[in-house]
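Here is what each chain is made of, one letter per residue.
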Amino acid sequence: MYIFFVNGNNLCSPTIAFSNYLLRNIIMNPLILLLTTTLFCTLSLAFGQFEAQVIDQKVAIGYGLAIGDLDGDGKDDILLADKSEIVWYQNGSWQRRVITRNLTIRDNVCLAARDLTEDGKVEMAVGAQWNPGNTQDAFQSGSVHLLQRPEEVNRSWPSMHLYHEPTIHRMHWVKVGEGSFQLLVLPLHGIGNQKGAGEDVKLLTYPWLGRTTHVQATPVPTGMHMTHNFDVIPGEGQTESVIIGGKEGIQQFDWAGNSWTGKWLVKGVGFGEVRQGKGKKGTFIAGIEPIHGNILSIHSWNKKGEIKREVLTDDLNQGHALACADLLGKGEDQIVVGWRNPNANGKTGIRLYERTKKGSWVRHLIDDNVMACEDLKVADLNGDGKQDIIAAGRASHNLIIYWNRTSK
């Protein structure tokens, strides 16, 4: 597909948005894109510097992605929570292999993977029994499983069922000290909560005591009544913190000695996805507003603690995937966003937003209507020092690597 960019009276040269559309037998006519401005953002030439490789066209749902070395070969693999299976794609061949299947009678919804023992292999946990309409019955809604690595990596992984609350939705391994980790699990709703009202969501925390050790959860009240996702960020010393996005705003939770304490960063604005990014003038939070929303925004703080909100676009539909990383070698992070339902132009896709030297934002098209993006991650999968984009599509039933071919 050739894309032209019109900037005033200047017609730029064509570029290939990405080369492997032919893998899906899509033939598209040349497309003329006009310069548009959406608040703080302008539209730029679609990137030909990201080359798409479809590695699976039979994804059932593709709820959640994780990146980590599963087999200990020193290369990161792709891990996916699909409808009834937890699978991995081995780096290099990208062969799909099953880790475990049918943990519950309902769908898997999330997974967490991290090397907790420094043996070069990830430990894994999974959230399943996805039933967001039932906020009361923990048997019918939600589950948390600690997976136990078999002696041979290609065998099915046994699982240990841990305490949980209904509507389990997202999870991360988080560092709480040197060599010490906890599994943090976030439900969508509080117990018995209806339409975001009622009991608040409890952040469930589980200490890591080994692959075969059953542990109890410590619920941490959040004061939030409908959450969606959270991000792990640097904390004090040897610890990490998390930021949580939900209907009422964004909170940050810090590990302080032996407990988690929260503080509001943004109130009165709903968020579905939140990620911390690093700019040349400090950190910022990128977010999708509201839950499953149409707005990509950034929030930053000056030295006085005053908040600045910038809206980069409001034309998403069911924005559901977000990442901040320096993919272009600019010394600061760009923002990658994906949405899963066709927008006003009838398109799904993925965009990359880059801050210019003047402080405005320019957007680059990464995927044009091939990926109905449910989740995405960024990672250097081929060891070339550049971050690649990995995305899973729900309605599009695909898993794609967008190889970073930019020149730094």
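To keep things clear, this report deals only with the structure shown in the data block.

Each value, and the rule that gives it
Residues numbered from 1 in each chain as written. Predicted model: local features only at pLDDT ≥ 70, side-chain atom pairs only at ≥ 80, totals over all residues. Heavy atoms only, no water. Pairing = 2+ DSSP bridges. Helix = DSSP H or I, 4+ residues; strand = E, 2+ residues; numbered from the N terminus. Axes fitted to C-alpha atoms, helices over the stretch in contact; angles between N-to-C directions. Phe/Tyr/Trp six-rings, centres within 6.5 Å; stacked < 30°, edge-to-face > 60°. Buried < 20%, exposed > 50% of the residue type's maximum accessible area, 1.4 Å probe, protein only. Lys NZ or Arg CZ within 6 Å of the ring centre and 35° of its normal. Core = buried A, V, L, I, M, F, W, Y, C linked by side-chain atoms within 4.5 Å. Contact = heavy atoms within 4.5 Å.

## Overview of the sheet that holds strand 11 (residues 96–101)
Moving on, step 1. Ordered by their spatial adjacency, four strands build an open sheet running 8-9-10-11, and the pairing between neighbours is antiparallel. Two strands lie at the open edges of the sheet, namely strand 8 (64–68) and strand 11, each paired on one side alone. Strand after strand, the sheet turns through a mean of 25° between neighbouring axes, direction not considered.
Moving on, step 2. The pairing of strand 9 (residues 77–81) with strand 10 (residues 85–89) spans four bridges and is antiparallel. Across the sheet, the residue bridging to Ala 81 is Ile 86, located in strand 10.

## Quick word on the packing of aromatic side chains
Moving on, step 1. Following the criterion strictly, the structure yields four aromatic pairs and no others.
Moving on, step 2. On the basis of an interplanar angle of 85° and a centroid distance of 5.6 Å, the ring pair of Trp 173 and Trp 208 is categorised as edge-to-face. Here the residue Trp 173 occupies a position in strand 16 (residues 168–177), and Trp 208 occupies one in the loop between strand 18 (202–207) and strand 19 (218–221), the gap between them amounting to 35 residues. Summarising the burial analysis for this pair, Trp 173 and Trp 208 share the class buried.
Moving on, step 3. Centroid distance Phe 284 to Trp 361: 6.2 Å. Interplanar angle 80°. Geometry classified as edge-to-face. One end of the pair, Phe 284, is in strand 25 (residues 282–289); the other, Trp 361, is in strand 31 (residues 361–368), with 77 residues separating them in the sequence.
Moving on, step 4. Lys 267 extends its terminal NZ or CZ atom over the ring of Trp 264, reaching a point 4.9 Å from the ring centre.
Moving on, step 5. Cation over ring: Arg 355 sits above Phe 284, and NZ or CZ is 5.9 Å from the ring centre.

## So, the nonpolar core
Moving on, step 1. Of all hydrophobic cores here, the largest spans 24 residues; its most connected members are Val 144, Leu 162, Met 171, Trp 173, Leu 183, Val 185 and Tyr 206.
Moving on, step 2. Breaking this core down by element, the ones donating at least two residues are strand 12 (110–114), strand 14 (143–147), strand 15 (159–162), strand 16, strand 17 (180–187) and strand 18.
Moving on, step 3. The residues touching Leu 183, leaving out its near neighbours within four places in the chain, are Ala 112, Ala 125, Val 144, Met 171, His 172, Trp 173, Leu 204, Thr 205 and Tyr 206.

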